[in-house]
Amino acid sequence: MLKNSTSDSTVRNMFGQGTVIKGDIESEGDLRIDGHLFGTLRTKGKIVVGSTGKVEGELYCKQADISGHVTAKLEADELTLLKSTAVFAGDLITGKLSIETGARFSGKCQMKNAADLSTANNEKERKT
């Protein structure tokens, strides 16, 4: 397992095209993937999957910017952006979602706090 435990949340990490990582990664900062990751990635920052990047596993982050291939469970606290070259298959849980024309999405999407909104709406209907 790779672990970046620095307290500086502006840390930027990258692994390039041709690099294959099998295992779990934890980081405090942003991470860019242009190679291939098999495993789980957890970061308090942003994950960028470049156009040559491939991920198979699980991703947990603040924001995600996808241009490559992702077959994974992806959970982003804020924004997930699927760029025009993105191919995503899996389960997505995110605060906000933006999909550019040309991107391919196959799977299930759940918006964060959607359960809270549904519960609030049900309670409101009961009161009326």
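The shown structure was predicted, so the numbers you read here are calculated from the model rather than taken from an experiment.

Cut-offs applied
Residues numbered from 1 in each chain as written. Predicted model: local features only at pLDDT ≥ 70, side-chain atom pairs only at ≥ 80, totals over all residues. Heavy atoms only, no water. pLDDT = per-residue confidence, 0-100. Helix = DSSP H or I, 4+ residues; strand = E, 2+ residues; numbered from the N terminus. Contact = heavy atoms within 4.5 Å. Patch = residues over 30% accessible without salt bridge, like charges linked within 9 Å, V, L, I, M, F, W, Y side chains within 5 Å. Areas by Shrake-Rupley, 256 points an atom, 1.4 Å probe, with all protein chains shown as cover. Salt bridge = Lys/Arg side-chain N within 4 Å of Asp/Glu carboxyl O. Buried < 20%, exposed > 50% of the residue type's maximum accessible area, 1.4 Å probe, protein only. Pairing = 2+ DSSP bridges. Core = buried A, V, L, I, M, F, W, Y, C linked by side-chain atoms within 4.5 Å. Phe/Tyr/Trp six-rings, centres within 6.5 Å; stacked < 30°, edge-to-face > 60°.

**Q** Explain the confidence of the model for the chain to me, please; I cannot follow it from the model alone.
**A** One rule of thumb: low pLDDT means the predicted coordinates there are not for detailed reading. Scored by pLDDT, the chain comes out at a mean of 87, with 80% of its residues at no less than 70. Per-element confidence in the chain ranges from a low mean pLDDT of 48 for strand β1 (residues 2–4) to a high of 98 for strand β9 (residues 63–66). Note on residues 1–9: pLDDT under 50 across the span, and 17 contacts to partners over four residues away in sequence or across chains.

**Q** How do you make sense of a nonpolar patch on the surface when you look at a structure like this?
**A** A cluster of nonpolar side chains, contributed by Leu97, Ile99, Phe105 and Met111, occupies part of the molecular surface with about 290 Å² of accessible area. Those elements giving two or more residues to the nonpolar patch turn out to be β11 (87–99) and β12 (104–111). Of the residues examined, leucine 97 reaches a relative accessible area of 31% and is grouped as partly exposed.

**Q** What exactly am I supposed to notice about the pattern of salt bridges here?
**A** As enumerated under the stated definition, the model contains seven salt bridges in all. A salt bridge links aspartate 34 to arginine 32, with the shortest nitrogen-to-oxygen separation between them at 2.9 Å. Of the residues examined, arginine 32 reaches a relative accessible area of 34% and is grouped as partly exposed. Note that glutamate 78 and lysine 62 form a salt bridge whose closest N and O atoms lie 4.0 Å from each other. Of this pair, glutamate 78 sits in strand β10 (residues 69–82) while lysine 62 sits in the loop between β8 (54–61) and β9, and the two are 16 residues apart along the sequence. Residue classification places glutamate 78 among the partly exposed positions, given a relative accessible area of 34%. By relative accessible area, lysine 62 is classed as partly exposed at 37%. One network of salt bridges, in which partners are shared, links Lys46, Asp65 and Lys83.

**Q** Hey, could you run me through the pairing of strand β5 (residues 30–33) in this one?
**A** Side-chain positions along a regular strand alternate between the two faces of the sheet. The alternating pattern of β5 places Leu31 and Ile33 on a buried face and Asp30 and Arg32 on a face that is not buried. Inspection of the sheet shows strand β2 (residues 12–15) paired to β5 by four bridges, in the parallel sense. For asparagine 13, the partnering residue across the bridge sits in β5 and is leucine 31.

**Q** Honestly, the nonpolar core in this entry has me stumped. Any pointers?
**A** Nonpolar side chains tend toward joint burial in soluble globular proteins. Among the nonpolar cores identified, the biggest contains 23 residues, and Ile33, Leu37, Leu41, Leu59 and Val70 are the most heavily contacted of them. Looking at this core, the elements with two or more residues in it are β5, β6 (36–43), β7 (46–49), β8, β9, β10 and β11. Counting residues per element, this core draws most heavily on β10, which supplies five residues. Those residues within four positions of leucine 41 in sequence are excluded, and the remaining contacts are Ile25, Leu31, Ile33, Ile47, Glu58, Leu59 and Tyr60.

**Q** So what exactly am I meant to see when it comes to the side chain of aspartate 34 here?
**A** Looking at the secondary structure, you find aspartate 34 in the loop between β5 and β6. Look at aspartate 34 and you get buried, because its relative accessible area is 10%. Discounting residues that sit within four places of it in the chain, aspartate 34 has contacts with Met14, Phe15, Gly16, Gln17, Gly50, Ser51, Thr52 and Gly53.

**Q** Would you mind going over the packing of aromatic side chains with me for this structure?
**A** In this description, an aromatic ring pair is defined by two values, namely the gap between the centres and the angle between the planes. Counting across every chain of the model gives one aromatic pair. Between phenylalanine 88 and phenylalanine 105, the ring centres sit 5.4 Å apart and the planes meet at 5°, which makes this aromatic pair stacked. You can see phenylalanine 88 sitting in strand β11 and its partner phenylalanine 105 sitting in strand β12, a full 17 residues away along the chain. On the basis of relative accessibility, which here comes to 1%, the residue phenylalanine 88 falls in the buried class. Classification of phenylalanine 105 as partly exposed rests on a relative accessible area of 31%.

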